[in-house]
Amino acid sequence: MAALPPYASTGQRLWYWGFRAICVAVLFFLIMPILVIIPLSFNAENFFTFTKRMLALNPEAYSLKHYQDFFSNPDWQQALRNSVTIAPVATLLAVALGTLAAVGLSQPHVPFRGAIMAILISPMIVPLIISAAGMYFFYSRIGLQGTYWGVVLAHAALGIPFVIITVTATLVGFDRSLVRAAANMGAGPVRTFFKVQMPLILPGVISGALFAFITSFDEVVVVLFVGSAAQKTLPWQMFIGLREQISPTILAVATILIAISVVLLTVLELLRRRSEKLRGMSPG
Amino acid sequence: MTQATADQARGSVLAADGTPLKVSLRRALRAQKLRALMLIAPLLAFIVIAFLMPIADMLFRSVENQIVPDTLPKTVVALEDWDAKGDALPGEPVFAALHDDLVVAAEAKTHTRLGSRLNYEDSGMSSLLRAAGRGAGRMNADEPYEAQFIDMDKDWGDIETWRTIKLYSGAYTDGYLLNAIDMQKTVDGPELKPASQRIYVMLFLRTMLLSLTITFFTLLLGYPIAYLLAILPLRTSNLIMILVLLPFWTSLLVRTASWKVLLQQQGVINDLLVWIGLISDANRLVMINNATGTIIAMTHILLPFMILPLYSVMKTIPPSYLRAAKSLGANDWTAFWRVYFPQSVPGVGAGAILVFILSIGYYITPELVGGTSGIFISNRIAYHISISLNWGLAAALATMLLIVVLALYWVYDRMVGIDNVKLG
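Residues numbered from 1 in each chain as written. Chains lettered and ligands numbered in written order. Predicted model: local features only at pLDDT ≥ 70, side-chain atom pairs only at ≥ 80, totals over all residues. Heavy atoms only, no water.

Thoughts on the overall build of chain B
Within chain B one finds 20 helices and two strands. For a compact globule of 424 residues, the expected C-alpha radius of gyration is about 22 Å, and chain B comes in at 32 Å, more than 25% above that figure. Considered along the principal axes of its C-alpha atoms, chain B spans approximately 105 × 100 × 35 Å. Per-residue burial over chain B gives 46% buried out of 424 residues. (Helix = DSSP H or I, 4+ residues; strand = E, 2+ residues; numbered from the N terminus. Rg over C-alpha atoms; globule rule 2.2 N^0.38 Å. Buried < 20%, exposed > 50% of the residue type's maximum accessible area, 1.4 Å probe, protein only.)

A look at the overall build of chain A
Tallying secondary structure elements over chain A gives twelve helices and zero strands in all. Counting only C-alpha atoms and orienting by the principal axes, one finds that chain A spans roughly 75 × 70 × 30 Å. For chain A, buried positions account for 52% of its 284 residues. When contacts within chain A are restricted to residue pairs at least 6 apart in sequence, those whose partners lie at least 24 apart make up 66%. Here chain A displays about 12900 Å² of accessible surface, and carbon together with sulfur accounts for 68% of that area. Both charge centroids of chain A, one from 19 positive and one from 10 negative side chains, sit 13 Å from each other. (Contact = heavy atoms within 4.5 Å. Areas by Shrake-Rupley, 256 points an atom, 1.4 Å probe, with all protein chains shown as cover. Lys, Arg positive; Asp, Glu negative; His and termini not counted. Charge placed at Lys NZ, Arg CZ, Asp CG, Glu CD.)

Describing the interface of chain B and chain A
Across the contact, 87 residues belong to chain B and 91 residues belong to chain A. Taken together, both faces of the contact between chain B and chain A bury some 8000 Å²; the carbon and sulfur share is 83%. Linking chain B to chain A there are two salt bridges. Here A:Arg243 makes a salt bridge to B:Glu367, at a shortest N to O gap of 3.5 Å. One can count eight residue pairs in polar contact (both at pLDDT 80 or more) joining chain B with chain A. Tallying contributions element by element places helix α2 (residues 21-61) of chain B first for the side of chain B that touches chain A, with 23 residues. For the side of chain B that touches chain A, the per-class residue count stands at 64 nonpolar, 14 polar and nine charged. (Buried area = accessible area lost by both parts, 1.4 Å probe. Salt bridge = Lys/Arg side-chain N within 4 Å of Asp/Glu carboxyl O. Polar contact = N/O pair within 3.5 Å; in protein donor to acceptor, adjacent residues only side chain to side chain. Nonpolar A, V, L, I, M, F, W, Y, C, P; charged D, E, K, R; others polar.)

Here's the deal with the environment of A:Gly150
All names here are of chain A. Its place among the elements puts Gly-150 in helix α7 (residues 148-172). With a relative accessible area of 0%, Gly-150 lands in the buried category. Sequence-wise, Gly-150 and Val-223 are 73 residues apart; in three dimensions their C-alpha atoms are separated by 9.1 Å. With sequence-adjacent residues up to four places away left out, Gly-150 is seen in contact with Tyr-139, Leu-144 and Val-226.

Considerations on helix α5 (residues 92-108) of chain B
Residue and element names in this part refer to chain B. For α5, built from 17 residues, the straight-helix expectation of 24 Å at 1.5 Å per residue is met to within 8% by its first-to-last C-alpha distance of 25 Å. Within α5, burial applies to Val-94, Phe-95, Ala-97, Leu-98, His-99, Asp-101, Leu-102 and Ala-105. If you follow the buried residues of α5, they end up packed against α3 (67-71), α4 (73-79), α6 (111-119), α7 (125-136), α8 (145-152) and α9 (159-167). Once α5 finishes, Lys-109 follows within two positions and takes phi at roughly 60 degrees, a positive value. (Expected span 1.5 Å × (residues − 1).)

Notes on the packing of aromatic side chains
This model, assessed by the stated rule, comprises 36 aromatic pairs over all chains. Centroid distance A:Phe213 to A:Phe217: 5.3 Å. Interplanar angle 15 degrees. Geometry classified as stacked. Highlighted residues: A:Phe213 and A:Phe217, both in helix α9 (residues 189-218), separated by four residues, approximately one helical turn. With a centroid separation of 4.8 Å and 15 degrees between ring planes, the pair formed by B:Trp337 and B:Phe341 is classed as stacked. With B:Trp337 and B:Phe341 both in helix α17 (residues 332-360) and four residues apart, the pair spans about one turn of that helix. In this structure, A:Arg20 is placed above the aromatic ring of A:Tyr16, and the distance from its NZ or CZ to the ring centre is 4.0 Å. (Phe/Tyr/Trp six-rings, centres within 6.5 Å; stacked < 30°, edge-to-face > 60°. Lys NZ or Arg CZ within 6 Å of the ring centre and 35° of its normal.)

Here we look at a nonpolar patch on the surface
Taken together, the side chains of B:Leu272, B:Trp275, B:Ile276 and B:Leu278 define a hydrophobic patch exposed on the protein surface, amounting to about 530 Å² of accessible area. Locating B:Ile276 in the fold gives a position in helix α14 (residues 268-276). (Patch = residues over 30% accessible without salt bridge, like charges linked within 9 Å, V, L, I, M, F, W, Y side chains within 5 Å.)

Focus: the confidence of the model for chain B
All names here are of chain B. Per-residue confidence for chain B averages 87 on the pLDDT scale, and 95% of its residues sit at or above 70. No element of chain B has a lower mean pLDDT than helix α1 (residues 2-9), which averages 53, and none a higher one than helix α11 (residues 200-231), which averages 94. Predicted complex, confidence summary: ipTM 0.86, pTM 0.86. (pLDDT = per-residue confidence, 0-100.)

Focus: the packing of helix α1 (residues 10-40) of chain A against helix α15 (residues 291-314) of chain B
Packing of α1(A) against α15(B) brings their axes to within 10 Å, and their N-to-C directions diverge by 115 degrees. One way to sum up the angle between α1(A) and α15(B) is to call them roughly perpendicular. For α1(A) against α15(B), the interelement crossing comes out left-handed. Listed contacts from α15(B) to A:Val26, A:Phe29, A:Leu30 and A:Pro33 of α1(A) are B:Ile296, B:Thr299, B:His300, B:Leu303, B:Pro304 and B:Ile307. (Axes fitted to C-alpha atoms, helices over the stretch in contact; angles between N-to-C directions. Parallel < 35°, antiparallel > 145°, perpendicular 65-115°, else oblique. Left-handed = near helix turned anticlockwise from the far one by under 90°.)

Some remarks on the environment of B:Leu406
All names here are of chain B. Note on placement: Leu-406 falls in helix α20 (residues 391-415). Accessibility expressed as a relative area gives 43% for Leu-406, which makes it partly exposed. Separated by 173 residues in the primary sequence, Leu-406 and Pro-233 place their C-alpha atoms 39 Å from one another.

Description of the pattern of salt bridges
Residues and elements named next belong to chain B. Following the criterion strictly, the structure yields eleven salt bridges over all chains and no others. A salt bridge links Arg-117 to Glu-121, with the nearest nitrogen and oxygen atoms 2.8 Å apart. The exposure class of Arg-117 is buried, given its relative accessible area of 5%. Two residues, Asp-332 and Lys-326, come together in a salt bridge whose shortest N-O distance is 3.6 Å. Take Lys-326: its relative accessible area is 36%, and that puts it in the partly exposed class.

Comments concerning a positive patch on the surface
On the surface, B:Lys22, B:Arg26, B:Arg27 and B:Arg30 cluster together into a patch of positive charge. Mapping B:Arg30 onto the fold places it in helix α2.

See the structure below:
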């Protein structure tokens, strides 16, 4: 099926191209909603559809005014500030604790490994609305509800499963005799970790960090409940904008977020290739 | 040394320091286990505090009812001997106890909170208790309290009021959980609510039905793409993979926003259809704020979660099997259906369960594009937390949802294994 053989019948030919047409249609369905937002965000009018002048490629129909609004509107700026102060701290917390635990979990003899793994993965399993409800109830009891640290702790908890999964996956390919060799040459456990183990599992740690970052950066359900107006993040502001009155500024924000995800995706892809090369899994 | 000699005599091996090797190995193993646990401990403690305790708190809230015995301690004790099934009102001692409790409660201003708690079970209790809290302090201690209470509000002479208080007098109640499955507590035990008040079972069923529909559509659209990715040479398939991963990495709100823009009546799709001439300008399709909107947007959002597990299974199916089937005389369809498809079933199962689990807990997308006919149980949970403030019922609904999700994950774990989840 990979290539059409020269002796294919008409039916086979028809199916070969028909199947590809179906695939193109599905891929179009996947990518079109994301692409369509980008030109719409440059609309000079406050419409959510293409105006006639836009379709005629009239330069006057395009403008940056929605971007200007994003960068000058205090609501959006506050949301942006909150997002960039919450996500990195939550990521740092998740990566530091998660990497340590992943190293522990990859030791050859860990008692209750299955149960511990299940507990550590659980924030990924439980639907967000349930986590949000529980955190709202519990954090208001202990006075964390509506505080910066409450949101950071909640987001770190949500990001940890991703760090655990990516780092333990990298540690599977890690040669433990390297640790013994380092110890043999007189390095202490801490020095061994930072000089020998860390550089080798770094791709896994970074991709775990990216997952944790995007989890926090895109998260809206938990922050809606655990946060208060002072912790309003970018997704929260978008959520309000979409629910109440949809303003075209959202399209500009969406385009910026798409650009960020393209960058993240590229970094992850490069990391994956590097990690495979390090482990000798692919010649490229 | 004698011990060591004795050990040697029994044939056991000694370590360099003279202890039996078995013992020193066991000690080393214990140290290793301890070190591993020490590395895991900080994260475990963090998850327990930041995540597991909140979940436990929520489960606890779905049965907790301490506000009633806390606010009306004497009344609850006095009511113990009253037969709720009979037709007689509780006697004067109960009314006297209620008076004493209300005087204390009104001073601490807790009677209004009790009123809103009991109002969830019997509407009218809130205003009844608010008035009683105000009136109790002015009552005459020499006259019977029963008459004074009934004088203030005839509802105190209504046996249903007392039945409600009696039914919810325990520190723990199954009332919220019963409510979550459209049942209610009565003096004769749990019963179904009147048909007009049953909403949650229908909402659970609708959540399941919509999730199944979404799962079906993701499978229908995802299978060909996963198959294409698996048969194409690596260089091409990597390019197509990017088209799958880009939506996966794009913010959920961006994707929901774009569907909102596309599906609106004045949106891009309707404009296009009018321009082509398929529909007239007056009959623009209503594709948003209903179940259709939820299905379209969520199929798009969850499609990568179907494609990735399918692809990881299909990649391992050797293409030579298909060629072998064809060389043995199978036509294309038979070769696919009898040879290829059965081998891809684990991927179908994994992807379907994953999409289904993710889908039944969704909140944001149904809230934004679902209108009223396309919302899920999670939207109702959010409503009870932030608008109706009936936290007990919200917790009970969330508990039900959690049970369903955990049961499904158990199945998923047996099929694929949770640690085998691949990201990206």
